[in-house]
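# Commentary on secondary and tertiary structure
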Amino acid sequence: MITKDQLITAFNNQYNENPTNFYFAPGRINLIGEHTDYNGGHVFPCAISLGTYAAVAPNHTNQWRIYSQNFTDQPVQSFSLADLTQQPGGDWANYVTAMLDVLQKQHHTFDEGLDVLIWGDLPNGAGLSSSASLELLIGTIANLQYHLNIPMLDLIKAGKVVENQYIGVNSGIMDQFAIGMGKANHAILLDTNTLEYDQLPLNLDDNVIVIMNTNKRRELADSKYNERRSECEAALARIQTKFDYASLGAMTEEEFDETTSLINDGTLIKRARHAVFENQRTLRAATALDERDLAKFGRLMNASGSSLAYDYEVTGIELDTLVSSAWQQPGVLGARMTGAGFGGCAIAIVNQAQVENFTKAVGERYRAVIGYDADFYVAEIADGPRAIFEA
């Protein structure tokens, strides 16, 4: 956790004044339901206590000035609220201008500039959704500082527009939704087709969620993420030549099996099979959690991990090493990669008494195979974006 005093000191170092407001937006993990959000299926994510902080003060101009404590090699960047076009090489700052531009195009008015210091404790590129965390953080700052009264669902949708239309990642809505609707000690079962959702208590008894970071950066826009989405769309298009399914998420396993001859392509069958079967696994996992059948929940997590490795092929040696090693440890109910893959993080549900032995054993195996260390965090399930440190 980054403290209020740390934020004040860092803000003062950049702007020679003290901030007036403080904000936080969490990151997220997804327990199960991976690569289903853009296929009209269900996801089961939760917000975590790691996330992105901001210290803010009005600057009495028409400019936003922004600085990231995570990129100290970059100076304070500034832009006019009258010109929110993205700048070449703007990197993380483009998420800021894009989010404001989306809100401004929705006829929301920003009447004064702000000085903003950003400081996240999410590992960059770790697959815990630092980009969506930043998007919802900026949306929350604008919403509260300018008294816009924008519903959270609209901020969530704005963040997805940023990813799809500004950044160029053809992602679904899961990341923004998980962060925006986050609730402490709850996971969110979300139907990404209808946006209907349930916040379910995440009661793991004497178990905890351990996040395992490969320390291999993952850049969605440079990965095969968009390729996987295109493959699923191609498979669905072939199915739709004879059947009226709106999405892969609308199909059962049996219905999918009866359509594979229409797909008639080994790679496309594997991609679509993951999307269909993963959606059904997610629904069964939510039921298992509700019924307190944690052993079944863990087995479904493991099945998800295997499908992501062999059918969807989005893991790689780093994630595979963490997950396969986790499966072999005592006190582990289940383990799988989380997020888009191609690096980033995996998660495991581990008996609390075994966490120290677990991280030691998995960490040693990872170093032996990969040649450098993984990092481990015990996840705390957190609330969504909000003002913090208020009197």
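For the structure itself, look to the data block above.
Residues numbered from 1 in each chain as written. Predicted model: local features only at pLDDT ≥ 70, side-chain atom pairs only at ≥ 80, totals over all residues. Heavy atoms only, no water.

## Structural notes on the overall build of the chain
A tally of helices and strands in the chain yields 12 helices and 13 strands. In terms of overall dimensions, the chain is globule-like: its C-alpha atoms have a radius of gyration of 21 Å, near the 21 Å expected for 391 residues. Dimensions along the principal axes, computed over C-alpha positions, put the chain at roughly 65 × 50 × 40 Å. Taking all 391 residues of the chain together, 57% fall into the buried category. The long-range share in the chain, meaning contacts at least 24 apart out of those at least 6 apart in sequence, stands at 73%. Accessible area of the chain: about 16000 Å², with a carbon and sulfur share of 45%. In the chain, 28 positive and 48 negative side-chain charges are present, and the distance between their average locations comes to 5 Å. (Helix = DSSP H or I, 4+ residues; strand = E, 2+ residues; numbered from the N terminus. Rg over C-alpha atoms; globule rule 2.2 N^0.38 Å. Buried < 20%, exposed > 50% of the residue type's maximum accessible area, 1.4 Å probe, protein only. Contact = heavy atoms within 4.5 Å. Areas by Shrake-Rupley, 256 points an atom, 1.4 Å probe, with all protein chains shown as cover. Lys, Arg positive; Asp, Glu negative; His and termini not counted. Charge placed at Lys NZ, Arg CZ, Asp CG, Glu CD.)

## Section: the packing of aromatic side chains
Evaluated as defined, the whole model comprises 12 aromatic pairs. Summarising the aromatic geometry, the rings of Phe 24 and Tyr 53 are spaced 4.7 Å apart at their centres and angled 55 degrees between planes, so their arrangement reads as tilted. Taken together, the positions of Phe 24 in strand β1 (residues 21–30) and Tyr 53 in strand β3 (residues 45–58) put the pair 29 residues apart, joining distant regions of the chain. Grouping residues by exposure puts Phe 24 and Tyr 53 together as buried. (Phe/Tyr/Trp six-rings, centres within 6.5 Å; stacked < 30°, edge-to-face > 60°.)

## Here we look at the nonpolar core
One finds Trp 64, Leu 100, Val 116, Ile 138 and Ile 141 to be the most contacted residues of the largest nonpolar core, which totals 44 residues. Among the elements that line this core, the one with the most residues is helix α2 (residues 93–105), at eight residues. Residues Val 169, Ile 269, Ala 272 and Ala 348 belong to the second largest nonpolar core, which totals 41 residues. (Core = buried A, V, L, I, M, F, W, Y, C linked by side-chain atoms within 4.5 Å.)

## Re helix α12 (residues 355–370)
Helix length check: α12, at 16 residues, gives a terminal C-alpha distance of 21 Å against a target of 22 Å (1.5 Å per residue), a fit within 8%. Burial in α12 covers these residues: Val 355, Phe 358, Val 362, Gly 363, Tyr 366 and Ile 370. Angular distribution of buried residues about the axis of α12 spans 115 degrees; they occupy a single face of the element. Opposite the packed face of α12, turned more than 90 degrees from it, sit the exposed residues Glu 356, Lys 360 and Ala 368. Looking at the packing, one finds that the buried side of α12 touches β9 (207–213), α11 (317–327), β10 (332–338), β11 (345–351) and β12 (375–378). A positive backbone phi angle near 100 degrees is found at Gly 371, which sits one or two residues after α12. (Expected span 1.5 Å × (residues − 1). Arc of directions from axis to C-beta.)

## Focus on the environment of Gly 113
Mapped onto the fold, Gly 113 is located in the loop between α2 and β6 (114–120). Counting along the chain gives 35 residues from Gly 113 to Ser 78, while the straight-line C-alpha distance between them is 9.9 Å.

## Some thoughts on the environment of Thr 338
Along the chain, Thr 338 falls in strand β10. C-alpha separation for the pair Thr 338 and Ala 379, spaced 41 residues apart in sequence, amounts to 13 Å. Beyond its immediate sequence surroundings of up to four residues, Thr 338 is in contact with Ile 29, Asn 30, Glu 34, Gly 127, Cys 345, Ala 346 and Ile 347. A distance of 2.9 Å separates the side chain of Thr 338 from the backbone nitrogen of Asn 30, its partner in a polar contact. (Polar contact = N/O pair within 3.5 Å; in protein donor to acceptor, adjacent residues only side chain to side chain.)

## Observations regarding the pattern of salt bridges
This structure, assessed with the given rule, holds 18 salt bridges. A salt bridge links Arg 28 to Asp 175, with the nearest nitrogen and oxygen atoms 2.7 Å apart. Taken as a pair, Arg 28 in strand β1 and Asp 175 in helix α5 (residues 174–180) lie far apart in primary sequence, 147 residues in all. As a salt-bridge pair, Glu 278 and Arg 281 come within 3.0 Å of each other at their nearest N and O atoms. On the criterion of helical spacing, the pair formed by Glu 278 and Arg 281 is a turn pair, its members being three residues apart in helix α9 (residues 266–290). Both residues of the pair, Glu 278 and Arg 281, count as buried. Taken together, the shared-partner salt bridges in this structure form one network comprising Glu 227, Arg 228, Glu 231, Lys 270, Arg 271 and Glu 313. (Salt bridge = Lys/Arg side-chain N within 4 Å of Asp/Glu carboxyl O.)

## A few points about the pairing of strand β8 (residues 197–201)
As paired elements, strand β7 (residues 186–191) and β8 share five bridges and run antiparallel to each other. Across the sheet, residue Leu 189 finds its bridge partner in β8, namely Asp 198. (Pairing = 2+ DSSP bridges.)

## Quick notes on the packing of α2 against helix α4 (residues 152–167)
At a minimum axis distance of 9 Å, the contact between α2 and α4 shows a crossing angle of 120 degrees. By the angle class used here, α2 and α4 are oblique. Where α2 crosses over α4, the handedness of that crossing is right-handed. From α2, Tyr 95, Ala 98, Met 99, Asp 101, Val 102, Leu 103 and Lys 105 reach across to α4, where they touch Leu 155, Ala 158, Gly 159, Val 161, Val 162, Glu 163, Tyr 166 and Ile 167. (Axes fitted to C-alpha atoms, helices over the stretch in contact; angles between N-to-C directions. Parallel < 35°, antiparallel > 145°, perpendicular 65-115°, else oblique. Left-handed = near helix turned anticlockwise from the far one by under 90°.)

## Some words on the environment of Leu 100
The topology assignment puts Leu 100 in helix α2. Along the chain, Leu 100 and Gln 199 lie 99 residues apart, while their C-alpha atoms are 29 Å from each other. Residues contacting Leu 100, with those up to four places away along its chain left out, are Trp 64, Phe 79, Leu 81, Leu 84, Phe 110, Ile 138 and Ala 142.

## Here's the deal with α9
Relative to the 36 Å expected for 25 residues at 1.5 Å per residue, α9 spans 36 Å between its end C-alpha atoms, a close match to the ideal helical length. By the N-cap criterion, in which a side-chain oxygen at the helix start approaches the backbone nitrogen of a residue two or three places on, α9 is capped by Asp 265, the distance to Thr 267 being 3.1 Å. Looking one or two residues beyond α9, the residue adopting positive phi is Arg 292, at roughly 60 degrees.

## Comments concerning the sheet that holds strand β2 (residues 42–43)
One open sheet holds the three strands; their spatial order is β2-β7-β8, and the pairing between them is antiparallel. In this open sheet, the two edge strands, each paired with only one partner strand, are β2 and β8.

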